[in-house]
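Structure at a glance
Each chain, written out:
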Amino acid sequence: MTTETAKALQQLAEAFELIGAATAVLGAGNIPAGHAACYAKLIERIAQQTSRAQIRAAHALRRTGAHKLDQSSFQAIEEATEHPTLQNIEDAAGCTITGRTHFRNTRGMMRDWLDIPLGTASERLILADCLLGGVDEAGLPTPPWLPQLATEFNDPASDPRLVIAASKKLHSARKDLGEGEAGQAKKAQLERDSLTFMHAEPKSARKHISDLVAQVKAGKRSIKALLESIGIFKKGLRHGLIEYVVKALPSQAAYIEAFFASLDNPATVAGNREGLKDAEAQFTGEEARDWDDKQSMPDWAQDHAEGTDSDDDDAQADTEAPDATDPDDATGAETANEHETTEHQQEPGTESAPWEDLKPERRRLIGFMALLMSDRTASPPDKQPGLATPQVSIILNYERMLAQASDFAVTSSGIQLSPGEARAALCHAGIYPVVLNGKSLPLDLGRTQRLYSKAQRRAIRAAYRGCSYPGCSMPAERCELDHLDAWEQGGRTDIKNAALSCVIHHTARHCGLFHAVKIPQSRPMVLLSPELDPEQKLRINTYFMTPAEALEAEALADETTAQWRAGKLDAEIVDP
């Protein structure tokens, strides 16, 4: 066995040198684009193997009691790693002692000898407990805490990094799962659901697993306990900024998310980027775009204008934002070639500002400040940048509501509401009746109208919630409605002929990079190209769904794919 492990270590040392030599050549940059892609692909595979090996190495250190090696053993190990000959590696087998040693335990050895941060060392040992097993007080091996994920982790074809991320999340809820058979059953169900998400759509798996664990941690806390924890908390001054923490109920968060969605839409007055900069200028002292000359500036900005020529005829003209306050009225056109773009002419040598130079976090703060400073006595209220009117859509699952399930109400942004919050919303909110199933006749316009109506847009956004491309996180408010059957080729303006796509994936579909698939009595699905999805499975983007909805959607996609392959389903692959 010693010779066998010595040969394996020699191979590992040779692999280390080979990777270094290859990277020195490939990292130079003067390589073909295809070789660069191969380089990146192979490095990611190596990273996957390294992630798995790090957990196994930590497990091996603990299982063998390597922290008890004597001084001569460490000297032999140093010689073996510097000059990895087969003889040197065999001499480094080492000898453990029972007396005083350099390291108190495995974690201390990893920190002080391998220079691994203490938190990282502890994390790897926890993952070893979850995925490989541990060691009890008598030194006997124990089974892995997450046996289903352990099987996945040991599968060479799986990505261990995703399994590791899931294991971390599930371990964080260990105390919340409870003891006994009930706790074991809950843990097993979490493992099964996690594996379903990882196999179905890895891009969305992390989000759904986090949501599952969050639901476990939330438990069934009373509304009284929740109300005692909500609020805006001031953390203090840090790096020149005042920090606050906001804790809100899900129903309150729904309004906040809707407010942010309006700010994120540049086609609305509230989200107009130049207008947001003007609103921010009241606090930063930066020059706003609508100061035509020095006399029109406020007093605090006069000092910043010294030495500038404010009457420059070559200054860039203002652009007028669309007068839209409802996201439904600010939607993009139905096809990518229906957008009009305007290029701003600039003087030679000037730097072009990026289209989206206001980060989302900054936009949201501007909008919040505009809300605080708005004149609510005006009649009608003035429309101004940053001042959005949030509109919250709540989707109620009728079957789940009858079954008294706790997750029958969810907002269009994916926030799950409790039954009490849903009842309160029904009492105080304006209700829009939207039929998501059935024949959809009241919302079909046929060939009488090319653009989708406001009611249709609201229904489609409520049903799909975001971009149709699997794993895309672009919300519905920033997506475009697309005729699956092109209008100019006889396509109808019907709900079943509509898809929701962000700008990037809208254009990609029309370029033939992937296909939409029309399914009878179901939402459209997506078929990726063979190089991206060798399985050629029909897929649904579940990013904005709750974990329960996502599991149902993945099951529907699997069943639909099986029927389609068996020739039992009349699915239509839409032309670009």
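Before reading on, note that the structure itself is shown above.
A count of helical and extended segments in the protein chain gives 19 helices and 12 strands. The buried share of the protein chain, reckoned over its 576 residues, is 37%. Taking the contacts inside the protein chain whose residues are at least 6 apart along the sequence as the reference set, 61% of them involve residues at least 24 apart. Total accessible area computed for the protein chain in this model is approximately 34500 Å², and 54% of it derives from carbon and sulfur atoms.

Below, the discussion takes up the sheet that holds strand E11 (residues 525-528). What the 3 strands build is an open sheet, ordered E11-E10-E12; its pairing is antiparallel. Of all strands in the sheet, those bounded by a partner on one side alone are E11 and strand E12 (572-573). Here strand E10 (residues 514-518) pairs with E12 via 2 bridges, running antiparallel. Opposite Val517, over in E12, you have Ile573 as the bridge partner.

Moving on, we get to helix H12 (residues 250-264). End to end, H12 covers 20 Å across 15 residues, agreeing with the expected 21 Å (1.5 Å per residue, within 8%). Turning to H12, its buried residues number three or more, namely Ala254, Ala258, Phe259, Phe260, Ala261, Ser262, Leu263 and Asp264.

The next subject is the sheet that holds strand E7 (residues 416-417). Taken together, the 3 strands give an open sheet; going across it, the order is E5-E6-E7, and neighbouring strands pair in antiparallel fashion. Every other strand in the sheet has two partners, leaving strand E5 (394-396) and E7 as the edge strands with one partner each. Where E5 and strand E6 (residues 409-411) come together, 3 bridges link them in antiparallel fashion. Directly across from Ile395, in E6, lies its bridge partner Val410.

Within the largest apolar cluster, 37 residues are counted, with the highest numbers of intra-cluster contacts made by Leu131, Leu149, Leu170, Met198, Ile209 and Ile519. Elements represented by at least two residues in this core include exactly helix H6 (118-131), helix H7 (147-153), helix H8 (160-172), helix H9 (180-200), helix H10 (202-218), E11 and helix H19 (547-565). Excluding its chain neighbours within four sequence positions, the residues that come into contact with Ile519 are Met525, Leu538, Thr560, Leu569 and Ala571.

What follows is about the packing of aromatic side chains. Using the criterion set out here, one finds 5 aromatic pairs in the structure. A centroid spacing of 6.3 Å and a plane angle of 55° characterise the contact between Phe259 and Phe260, whose relative ring orientation is tilted. By relative accessible area, which is 9% here, Phe259 ends up buried. With relative accessibility at 18%, the residue Phe260 sits in the buried group. Seen in terms of ring centroids, Tyr469 and Phe514 are 5.0 Å apart; in terms of plane orientation they differ by 70°. Their pairing is edge-to-face. Taken as a pair, Tyr469 in the loop between helix H17 (454-464) and strand E8 (480-483) and Phe514 in strand E10 lie far apart in primary sequence, 45 residues in all. Accessibility assignment for this pair places Tyr469 and Phe514 in one class, buried. Pairwise contacts between aromatic rings join Phe74, Phe103 and Trp113 into one cluster. When the ring centre of Phe153 is taken as origin, the NZ or CZ atom of Arg52, which lies over that ring, is 5.7 Å away. One residue, Arg364, lies across the ring of Phe260, its end atom 4.7 Å from the ring centre.

Here we take up the pairing of strand E3 (residues 231-238). The pairing of E3 with strand E4 (residues 241-247) spans 7 bridges and is antiparallel. Pairing of Ile232 across the sheet is with Val246, part of E4. Adjacent in sequence and paired antiparallel, E3 and E4 are bridged by 2 residues, among which His239 carries a positive phi angle near 55°.

Next up on the list: a nonpolar patch on the surface. Nonpolar side chains collect at one region of the surface, where Ile232, Leu237, Ile242, Tyr244, Val246 and Ile256 lie side by side and expose about 620 Å² of accessible area between them. Those elements that place two or more of their residues in the nonpolar patch are E3 and E4. Inspection of the secondary structure puts Val246 in strand E4. Accessibility expressed as a relative area gives 53% for Val246, which makes it exposed.

Another point: the packing of H6 against H8. Packing of H6 against H8 brings their axes to within 10 Å, and their N-to-C directions diverge by 90°. One element, H6, and the other, H8, form an angle in the roughly perpendicular class. Residue-level inspection shows Glu123, Ile126, Leu127, Cys130 and Leu131 of H6 in contact with H8, the latter providing Val163, Ile164, Ser167, Lys168 and His171. When the residues that make up the contact of H6 with H8 are grouped by side-chain class, the tally is 6 nonpolar, 2 polar and 2 charged.

Despite not being glycine, Gln521 has its phi angle at roughly 60°, a positive value. Mapped onto the elements, Gln521 comes out in the loop between E10 and E11. Here Gln521 falls in the exposed class, since its relative accessible area comes to 81%. In this structure, Gln536 is a non-glycine residue whose phi angle is positive, near 50°. Inspection of the secondary structure assignment puts Gln536 in the loop between E11 and H19. A residue is classified by how much of its surface remains accessible, and Gln536, at 23% relative accessible area, is partly exposed.

What follows concerns the side chain of Glu554. By the secondary structure assignment, Glu554 is in helix H19. Once residues within four sequence positions are removed from consideration, Glu554 is found in contact with Ala200, Glu201, Lys537, Ile540 and Thr542.

For the rest of this paragraph, the subject is the side chain of Thr101. By the secondary structure assignment, Thr101 is in the loop between helix H4 (86-91) and helix H5 (106-112). With relative accessibility at 17%, the residue Thr101 sits in the buried group. Among the polar contacts listed, one links the side chain of Thr101 to the backbone oxygen of Phe103, at a separation of 2.9 Å. Residue contacts for Thr101: discarding those within four places in its chain leaves His67, Lys68 and Leu69.

Conventions adopted
- Residues numbered from 1 in each chain as written.
- Predicted model: local features only at pLDDT ≥ 70, side-chain atom pairs only at ≥ 80, totals over all residues.
- Heavy atoms only, no water.
- Helix = DSSP H or I, 4+ residues; strand = E, 2+ residues; numbered from the N terminus.
- Buried < 20%, exposed > 50% of the residue type's maximum accessible area, 1.4 Å probe, protein only.
- Contact = heavy atoms within 4.5 Å.
- Areas by Shrake-Rupley, 256 points an atom, 1.4 Å probe, with all protein chains shown as cover.
- Pairing = 2+ DSSP bridges.
- Expected span 1.5 Å × (residues − 1).
- Core = buried A, V, L, I, M, F, W, Y, C linked by side-chain atoms within 4.5 Å.
- Phe/Tyr/Trp six-rings, centres within 6.5 Å; stacked < 30°, edge-to-face > 60°.
- Lys NZ or Arg CZ within 6 Å of the ring centre and 35° of its normal.
- Patch = residues over 30% accessible without salt bridge, like charges linked within 9 Å, V, L, I, M, F, W, Y side chains within 5 Å.
- Salt bridge = Lys/Arg side-chain N within 4 Å of Asp/Glu carboxyl O.
- Axes fitted to C-alpha atoms, helices over the stretch in contact; angles between N-to-C directions.
- Parallel < 35°, antiparallel > 145°, perpendicular 65-115°, else oblique.
- Nonpolar A, V, L, I, M, F, W, Y, C, P; charged D, E, K, R; others polar.
- Polar contact = N/O pair within 3.5 Å; in protein donor to acceptor, adjacent residues only side chain to side chain.

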